[in-house]
Amino acid sequence: MNLFVNGKKITTSASLTMRLVDFLRENLELTGTKEGCGEGECGACSVIIDGELINSCLVILGQVQNKSIITIEGLDEPEISAAFEETGAVQCGFCTPGMIIASSVLLAKNPSPEENEIKKAISGNLCRCTGYTKIIEAIKKAGKEKQCGTSN
Ligand code: FES
Ligand code: FES
């Protein structure tokens, strides 16, 4: 089967029932995608599939034939990463790749989200360290900075 990961065409004979999170981490060594719960509850395994935020632990290879997948390694979002660092939204960092992926999907659709929209957008991403306040602050900041970047 074929799929596209971070813009690169991948042809694989891996089992179509293999979970996408395992394929990314084990076969492609893209270990920025984390596995937390394995049950679709924590968002640590978030990736973007054809523009949508998806938990890669809930997807098998057979479902992503010819689809385009973006992982944290292929995401070009310097403003979001910088905002997470600058606001202290990264503590242990385990949730961070998934949070940044979720933020990217949100800001692509809505560059200046209200706080309730941010909360909704990251509601599938659990963080046990930060209490979310700093993450919300980071997403607001990243949205502003991305807008400045596009108006320059
Ligand atoms: S590992 Fe996929 S949602 Fe938790
Ligand atoms: S920073 Fe530790 S789980 Fe979010």
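Here, the structure is the one placed above.
Rules used in this analysis
- Residues numbered from 1 in each chain as written.
- Chains lettered and ligands numbered in written order.
- Predicted model: local features only at pLDDT ≥ 70, side-chain atom pairs only at ≥ 80, totals over all residues.
- Helix = DSSP H or I, 4+ residues; strand = E, 2+ residues; numbered from the N terminus.
- Rg over C-alpha atoms; globule rule 2.2 N^0.38 Å.
- Buried ≥ 20, exposed ≤ 12 C-beta atoms within 10 Å, placed from the backbone.
- Contact = placed C-beta atoms within 7 Å.
- Arc of directions from axis to C-beta.
- Pairing = 2+ DSSP bridges.
- Axes fitted to C-alpha atoms, helices over the stretch in contact; angles between N-to-C directions.

A. Just the overall build of the chain, in detail. Scanning the chain from N- to C-terminus turns up five helices and five strands. Across the chain, helices and strands are ordered from the amino to the carboxyl terminus as β-β-α-β-β-β-α-α-α-α. Taking 152 residues into account, the globule formula puts the C-alpha radius of gyration at 15 Å, and the chain, at 15 Å, falls close to it. Per-residue burial over the chain gives 37% buried out of 152 residues. Look at the contacts in the chain between residues 6 or more apart in sequence, and 63% of them connect residues 24 or more apart.

B. Here's a closer look at helix H2 (residues 78-87). Buried within H2 are the following residues: Glu-79, Ile-80, Ala-83 and Phe-84. Around the axis of H2, the buried residues are gathered within 135° of arc, so they sit on the same side. Turned more than 90 degrees away from the buried face of H2, the exposed residues are Pro-78 and Glu-85. A positive backbone phi angle near 75° is found at Gly-88, which sits one or two residues after H2.

C. Inspection of the sheet that holds strand E1 (residues 2-5) at higher detail. Judged by pairing direction, the sheet is mixed, and its five strands sit side by side in the order E2-E1-E5-E3-E4 without closing on themselves. Two strands in the sheet have a free side with no partner beyond their single neighbour: strand E2 (8-11) and strand E4 (52-55). Across the sheet, the axes of successive neighbouring strands diverge by a mean angle of 35°, strand direction being ignored. The pairing of strand E3 (residues 46-49) with strand E5 (residues 68-70) spans two bridges and is classified as antiparallel. Across the sheet, the residue bridging to Ile-48 is Ile-70, located in E5. Relative to the sheet, helix H3 (residues 96-109) contacts E3 and E4, its axis offset from that of E3 by approximately 35°.

D. Just the environment of Gln-63, in detail. Along the chain, Gln-63 turns up in the loop between E4 and E5. Judged by C-beta crowding, with 14 C-beta atoms within 10 Å, Gln-63 ranks as partly exposed. Through-space distance from the C-alpha of Gln-63 to that of Leu-16 is 8.0 Å; in sequence the pair is 47 residues apart.

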